[in-house]
Amino acid sequence: MLHLFVFNNQLFAQKFENLASTPPMGWNSWNTFQTNINEQLVKDVADIMITSGMKDAGYTYIVLDDGWMALERDPKTGDLIPDPKKFPNGLKSLIDYIHSKGLKFGLYNCAGTKTCAGYPGTRGFEYQDARFYALLGTDYLKFDWCHTEDINAKEAYTTMSKALRTAAHPVVFSLCEWGNNKPWEWAASVGHLWRTTGDITAQFDGIKSYGNWHANGVMTIVDMQDTLRKFAGSGHWNDPDMLEVGNGMTAAEDRTHFSIWCMLAAPLIAGNDLRKMSEATKSILTNKDLIAIDQDALGIEGFRYRDKDSVQIWFRPLHNGDWAVCFVNRSSVSKTIDFNWQNETVTDDLFNKALDPKTTTYQIRDLWTKKDLGTTKKILKANLLSHDVLMIRLIK
Ligand code: GLA
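Remember, predicted model here, so these are calculated numbers, not experimental data.

Right, let's get into the layout of surface pockets. The computed volume of the largest pocket comes to approximately 590 Å³. The wall of the largest pocket is formed by 29 residues, among which Trp30, Asp199, Ile200, Trp213 and Ala215 lie closest to the centre. A class-by-class count of the residues in the lining of the largest pocket yields 13 nonpolar, 8 polar and 8 charged.

Now the structure itself:
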């Protein structure tokens, strides 16, 4: 009897399976709009997801971040209320619109008593809010970590995971507790992705201070990922935060940011204003060769093979025996790459993979310029401008 109970309880505690066998892709309102969101914006985003080719490239979820709610819950029912000024027709018709386009819809809330922007949090309302999301047809929940003093993270996220499961509408559960409580050690059965760091900002390197908090540049976030790859895999992903492509960095910096996110098997959640997206930004976000690396079926994160003289070299094993390789110039000056494959033996001891260019010859394809760069028999030579990237696929 006891055995059965424990078994049932474990089953009950599990998240929805098979929703994120590859890293989730979509768009989220926060990085550009913060709480300044509304119905028309979301409809426009849904339309552009289709016309821009983003949906075809794999972007699926449209996620409303903080600021979608009214400041108080319904005094009678305790239900959350979508802000009637921002969403005059409520959320149901908007979600139906998004679903009618073949896209999926996500919402944000927080494990604490309030969200980070001061809207009603979920603490004590987990089952009620889960039911609210399910009735709306919500497909994705980002769950934040503000106002959580004295709360145990594993307990809080497990409670919400169980509540979502009980509400019975399949939901991708995105934990956003910034890596404070090492979610990679306990969240694989709780959710589908977990933030590994504090917030990103559209800056290539370093930290940006906002007084009592700070946000991280792209490379600063990258520095925090290297030891976490063993925890990620199909259905449970490290999340180094949403994309800042198209939000003010240079084209080279955007390419580098996107390339490393693909090497890391990171969720690809665009955070730019799609209505004003340049052709350059669109071509970065919809580069199918890059996205194929991110979404590779093997689901093994890449690793930093070398970090020397401000040039990093990353390797990622792929499902068909190919490898993705990424050279990043972190410095403010140009660098030359002079990489003799014949002198390198690349081993991924964690996942038992090895690349031996001495015994196997690979074709080299540049995934940004779409040019063939010969084979691994000859030395790879290239000039890398400041903050730029060379992203290649070694084809077996
Ligand atoms: C936190 C999260 C962000 C965003 C804001 C919303 O800072 O890390 O991604 O959701 O809250 O207030």
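Additional details are given in the paragraphs that follow.
Before going further, it helps to spend a moment on the side chain of Arg73. Tracing the backbone shows Arg73 in the loop between strand S2 (61–63) and helix H5 (92–100). A distance of 2.7 Å separates a polar side-chain atom of Arg73 from the backbone oxygen of Gly121.

Pairing within the open sheet is parallel, and its 8 strands lie in the order S9-S6-S5-S4-S3-S2-S1-S10. Looking at strand neighbours, the two that pair on one side only are strand S9 (237–239) and strand S10 (268–270), the edges of this open sheet. Averaged over neighbouring strand pairs, the angle between their axes works out to 25° when direction is ignored. Bridge count between strand S1 (residues 25–28) and S10: 3 bridges; the pairing is parallel. Each bridged residue has a counterpart across the sheet, and for Gly26 the counterpart in S10 is Ile269. Against the sheet, helix H3 (residues 39–51) touches S1 and S2, its axis set at about 160° to S2.

With that settled, consider the packing of aromatic side chains. Taken as a whole and assessed by the stated rule, the structure comprises 16 aromatic pairs. Taking the centre distance of 6.1 Å and the plane angle of 75° together, the rings of Phe132 and Tyr133 count as edge-to-face. Taking relative accessible area as the criterion, Phe132 reaches 14% and is therefore assigned buried. Classification of Tyr133 as buried rests on a relative accessible area of 1%. Here the aromatic rings of Phe315 and Trp323 are separated by 6.2 Å at their centres, their planes lie at 75°, and the arrangement is edge-to-face.

The rules behind these values
- Residues numbered from 1 in each chain as written.
- Predicted model: local features only at pLDDT ≥ 70, side-chain atom pairs only at ≥ 80, totals over all residues.
- Heavy atoms only, no water.
- 1 Å grid on protein atoms, 1.4 Å probe; cavity = no way out; pocket = protein on both sides within 12 Å on 5 of 7 lines; lining within 4 Å.
- Points joined across faces, edges and corners; volume = space filled by probe spheres on them.
- Nonpolar A, V, L, I, M, F, W, Y, C, P; charged D, E, K, R; others polar.
- Helix = DSSP H or I, 4+ residues; strand = E, 2+ residues; numbered from the N terminus.
- Polar contact = N/O pair within 3.5 Å; in protein donor to acceptor, adjacent residues only side chain to side chain.
- Pairing = 2+ DSSP bridges.
- Axes fitted to C-alpha atoms, helices over the stretch in contact; angles between N-to-C directions.
- Contact = heavy atoms within 4.5 Å.
- Phe/Tyr/Trp six-rings, centres within 6.5 Å; stacked < 30°, edge-to-face > 60°.
- Buried < 20%, exposed > 50% of the residue type's maximum accessible area, 1.4 Å probe, protein only.

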